[in-house]
Amino acid sequence: MGSDLEQLYQQIILDHARARHGSPLQDHTGEGVMGESHQLNPVCGDEITLRVGVRDGAVSELSWDGAGCAISMASASVLTELVQGLPRDEVISLVDTFREVLRSRGRIEADEEVLGDAAAFAGVSRYPARVKCAMLGWVALEESLLAANT
Amino acid sequence: MTVVATPVTLTPTPGAAMTDAEVHRIRNDFPILGTEVNGTPLVYLDSGATSQNPLSVLEAEQEFYEQRNAAVHRGAHALAVDATDAYEDARAAVAGFIGARTDELVWTSNATEGINLVAYAMSNAALGRGGEAARRFSIGPGENIVVTEMEHHANLIPWQELAARTGAELRFIPIDDDGALRLERAADVIDHGTRMVAFSHASNVLGSIAPVTELVGLAQAAGALTLLDACQSVPHLPVDVKALDVDFLVFSGHKMLGPTGIGALYGRRELLNAMPPFLTGGSMITTVTMERAEYLPAPNRFEAGTQRISQAIALGAAANYLHETGMERIEDWEMRLGERLVTGLDAIAGVRVLGPAAGLPRIGLAAFDVDGVHAHDVGQFLDDKGIAVRVGHHCAQPLHRRLGLTATTRASTYLYTTTHEVDTFLEAVAQIRAFFGAR
């Protein structure tokens, strides 16, 4: 097995792809404001519907339904764990950091202090065709937060 | 000066079946097939998306630019004459390759443009363009267009748009749970209001071959036109437009050893000459005033503006290469590879092959689903081993949806694919579910 492939599909990614934290989609509890987004990658048909609840300026609930590759599903699962309870602004900056790492073609190292388990996706940055997969859930969260803000 | 590029294959005894030894000789004509990916030899199993080019094709294009580059069908200088000869020789080569007359072959960018050309010509006719002679192309409310449920988007969306522009209805002949065309339904779907029946000759996902005789028979009985999407047949098996008896047929050059940017539309001569043009402008006219224009007969009436000259010439060289190798022999070789793919994939636990079962006719490709592993991950795993396949919906979303899938993996072969490559691919697929921990 090529080590490149194992760099891409780290065990933590494969585990999250199966466990899918935050899935399936839950009804909004009714507390705070709710935002929802549906994202589709037309190249491969991967899709995700993500729902976020924001209370007192922080993520109070997050759930999603998706169909797609190991990278996209694991990424959404890791994201769910990572942003629970975080202030909205911090979440937005986290999404930006993650995007920057993924688009860097391997030039920017992922800071585990900041990105936690999501640092495992740094290997994706060497596969430009897969960056969209890893970003799918994160873009959905970004859009959901925008929707929750209006 | 004569211009047609000479094919360089070492031609074996005509009629003798192709062997791996011959395929290895053929591969020497394709520089890219010697590439290494991730430190292993490239195993290119994506010819259904785009094929690779032999030296004779690459050289034909380069030779044109080095020795004859000029605009065609205008200018009286020596280069312009040479360029025009080469361009028209290529048309004759490609037309001959599919059994068409030379003036029945219109150059297009690709098959997609060919289908759009016919669809827009029909709506132009519906607007009264082309006068009485073009009435047979007209379509409107109460009339319909028929496709199948397995079409590539290129043979679906242009007809959706034509229906939307003209108020006609778009119908489809359904497929069953295994992807087989429900031919028994065709007689109901195609009726006296049908103006066009458009379908793929060989499915780019299923690998199955359409019942052309039956569908053309139904269309003709209904007085409808027929268009065959031959993208996956013209490159891979002998095609004779007169024997198929279709009105129109389209294909793309880059899927048959040619360059990108060139394809062709075949149309019966009397139809092409009665059909209003799609793109208009220079080179397709006889007399032009400030108010109106008269158009040339086919094929020029459909070739507005400066054409894809070098690509057309290179496609002529590609057709010659395939002809020299022998389309019957290529078809036989690829069907054997297709059978090897299906039987090999069937033997792997958790793998479901789409389309005809082993033993049934199929071109040299197989799309499949790996239980518990997304196609994108399958493709990534194979790429790591230097194996290039297509993943996704292969521009056939309705077909995938009908089969309960969003994305599949497709391995597609060509005349340069070895049995060893197919086996390498099968060995890799057998490891995938374990790697991803699929249960």
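What counts and what doesn't
- Residue numbers here run from 1 along each chain, matching the order of that chain's written sequence.
- Each chain takes a letter, starting from A, and each ligand takes a number, starting from 1, following the order in which they are written.
- Where local features are concerned, this predicted model is filtered to residues with pLDDT of at least 70; where side-chain atom pairs are given and counted, the filter is 80 or more; whole-chain, interface and lining totals use all residues.
- A helix here means a DSSP run of H or I that spans at least four residues, while a strand means a run of E at least two residues long, and both kinds are numbered starting from the N terminus.
- All radius of gyration figures rest on C-alpha atoms, and the globule criterion is 2.2 Å times the number of residues raised to 0.38.
- Exposed residues have 12 or fewer other C-beta atoms within 10 Å of their own C-beta, buried residues have 20 or more, and residues in between are partly exposed; the C-beta atoms are placed from the backbone.
- Any pair of residues counts as being in contact when their C-beta atoms, constructed from backbone geometry, are within 7 Å of one another.
- UniProt positions are given in the numbering used here, feature names are shortened, and annotations may be inferred rather than shown by experiment.
- Segmentation into domains, and thus their bounds, comes from an automatic or database assignment.
- Under the convention adopted here, Pro, Cys and the residues Ala, Val, Leu, Ile, Met, Phe, Trp and Tyr are nonpolar, Asp, Glu, Lys and Arg are charged, and Gly plus all remaining residues are polar.
- The arc in question is formed by the directions pointing from the helix axis toward the C-beta atoms.
- Whether two strands pair depends on DSSP finding at least two bridges between them.
- Fitting a line to C-alpha atoms yields each axis, with helices limited to the stretch in contact; the angle taken between N-to-C directions then spans 0 to 180 degrees.
- Structurally, a nonpolar core is described as a collection of buried Ala, Val, Leu, Ile, Met, Phe, Trp, Tyr and Cys residues joined by way of C-beta atoms within 7 Å.

## Overview of the overall build of chain B
- Of regular secondary structure, chain B possesses 14 helices and 17 strands.
- Here the C-alpha atoms of chain B give a radius of gyration of 22 Å, agreeing with the 22 Å that 2.2 N^0.38 yields for 439 residues.
- Principal-axis analysis of the C-alpha atoms gives chain B an extent of 70 × 55 × 35 Å.
- Here chain B holds 439 residues, and 52% of them are scored as buried.
- Across chain B, every contact between residues at least 6 apart in sequence was considered, and the portion connecting residues at least 24 apart equals 71%.

## Some details on the overall build of chain A
- Helix and strand content of chain A: six helices and three strands.
- Listed N to C, the secondary structure of chain A is α-α-β-β-β-α-α-α-α in terms of helices and strands.
- Here chain A has a C-alpha radius of gyration of 15 Å; the compact-globule value for 150 residues is 15 Å, and the two agree.
- For chain A, the C-alpha atoms occupy an extent of roughly 50 × 30 × 25 Å along the three principal directions.
- Of all intrachain contacts in chain A linking residues separated by at least 6 positions in sequence, the fraction that spans at least 24 positions is 66%.

## Some words on the UniProt feature "domain: Aminotransferase class V" (unreviewed entry) in chain B
- Mapped onto the present numbering, the UniProt feature "domain: Aminotransferase class V" (unreviewed entry) falls at residues 43–425 of chain B.
- Spanning residues 43–425 of chain B, this segment combines 38% helix with 17% strand, and its end C-alpha atoms are found 8 Å apart.

## Description of the domain arrangement of chain B
Residue and element names in this part refer to chain B.
- Taken domain by domain, chain B comprises domain 1 (20–52 + 326–436) and domain 2 (62–323).
- Put simply, the middle of domain 1 and the middle of domain 2, counted by C-alpha atoms, are 29 Å apart.
- Tallying the contact residues gives 27 residues for domain 1 and 26 residues for domain 2.
- Sorting the residues of the side of domain 1 that touches domain 2 by element identifies α11 (327–346), β14 (365–370) and α13 (397–402) as the ones contributing at least two each.
- Top element by residues in the side of domain 1 that touches domain 2 is α11. It accounts for six residues.
- Its residues assigned to classes, the side of domain 1 that touches domain 2 comprises 14 nonpolar, seven polar and six charged.

## Things to note about helix α7 (residues 212–221) of chain B
Residues and elements named next belong to chain B.
- Looking at α7, one finds that the buried residues are Leu 215, Val 216, Leu 218 and Ala 219. Looking straight down α7, one finds its buried side chains confined to an arc of 160 degrees; they lie on one side. Along α7, exposed side chains directed more than 90 degrees from the buried face belong to Thr 213 and Ala 221.
- Of the surrounding elements, those touching the buried residues of α7 are α6 (183–189), β7 (194–200) and β8 (225–229).
- Two residues or fewer after α7 comes Gly 223, characterised by a positive phi angle close to 75 degrees.

## Some details on the pairing of strand β2 (residues 46–55) of chain A
Residue and element names in this part refer to chain A.
- Burial analysis of β2 places seven of its ten residues in the buried class, which makes it a mostly covered element.
- Taken together, the nine bridges between strand β1 (residues 33–41) and β2 define a ladder with antiparallel strand orientation. In the sheet register, Ser 37 faces β2, and the bridge partner there is Leu 50.
- Linking β2 to strand β3 (residues 58–67), which pair antiparallel, is a turn of two residues; within it Asp 56 sits at a positive phi near 50 degrees.

## Overview of the sheet that holds strand β9 (residues 248–252) of chain B
All names here are of chain B.
- Reading across from one edge, β4-β10-β9-β8-β7-β5-β6 is the order of the seven strands in this open sheet, with mixed pairing throughout. The open sheet has two free edges, formed respectively by β4 (105–108) and β6 (169–173), since each of these has just one partner strand. For this sheet, the mean inter-axis angle between neighbouring strands, taken without regard to orientation, is 20 degrees.
- Across five bridges, the pairing between strand β5 (residues 144–148) and β6 is parallel. Bridge pairing in β6 places Ile 145 opposite Leu 170.
- Contacting β7 and β8, α7 crosses the sheet at an angle of about 170 degrees to β7.

## Some points on the environment of Thr 287 of chain B
- Within the secondary structure, Thr 287 of chain B is located in strand β11 (residues 285–288).
- When sequence neighbours within four positions are dropped, the list of residues in contact with Thr 287 of chain B reads Ala 293 and Glu 294 of chain B.

## Focus: the environment of Gln 84 of chain A
All names here are of chain A.
- Tracing the sequence through the fold places Gln 84 in the loop between α3 (70–83) and α4 (88–102).
- Taking the C-beta count within 10 Å as the criterion, Gln 84 has 14 such neighbours and is therefore assigned partly exposed.
- The spacing of Gln 84 and Gly 137 is 53 residues in sequence and 14 Å in space, taken between C-alpha atoms.
- Setting aside residues no more than four positions away along its own chain, Gln 84 makes contact with Val 59 and Leu 62.

## Considering the sheet that holds β2 of chain A
Residue and element names in this part refer to chain A.
- Pairing within the open sheet is antiparallel, and its three strands lie in the order β1-β2-β3. Of all strands in the sheet, those bounded by a partner on one side alone are β1 and β3. Averaged over all pairs of adjacent strands, the angle between strand axes in this sheet comes to 15 degrees, irrespective of strand direction.
- As judged from the nine bridges shared by β2 and β3, these two strands associate in the antiparallel manner. Considered in β3, the bridge of Arg 55 is made with Ala 58.
- Sitting on the sheet, α3 is in contact with β2 and β3, with an inclination near 165 degrees to β3.
- Across the sheet, helix α6 (residues 131–149) is in contact with β1, β2 and β3; its angle to β1 comes to roughly 150 degrees.

## Some points on the nonpolar core
All names here are of chain B.
- Counting 175 residues, the largest nonpolar core has Met 122, Ile 313 and Ala 318 as the members making the most contacts within it.
- Counting residues per element, this core draws most heavily on helix α10 (residues 309–325), which supplies ten residues.
- Residue assignment places this core across two domains, with domain 1 (20–52 + 326–436) and domain 2 (62–323) each supplying three or more.
- Sequence-distant contacts of Ile 313, defined by excluding residues within four places in its chain, comprise Ala 60, Glu 61, Phe 64, Ala 86, Tyr 87 and Ala 90.

## Structural notes on the UniProt feature "domain: NIF system FeS cluster assembly NifU N-terminal" (unreviewed entry) in chain A
- The sites that carry the UniProt feature "domain: NIF system FeS cluster assembly NifU N-terminal" (unreviewed entry) are, in the present numbering, residues 9–133 of chain A.
- Between the first and last C-alpha atoms of residues 9–133 of chain A the distance is 13 Å; the span itself is 36% helix and 23% strand.

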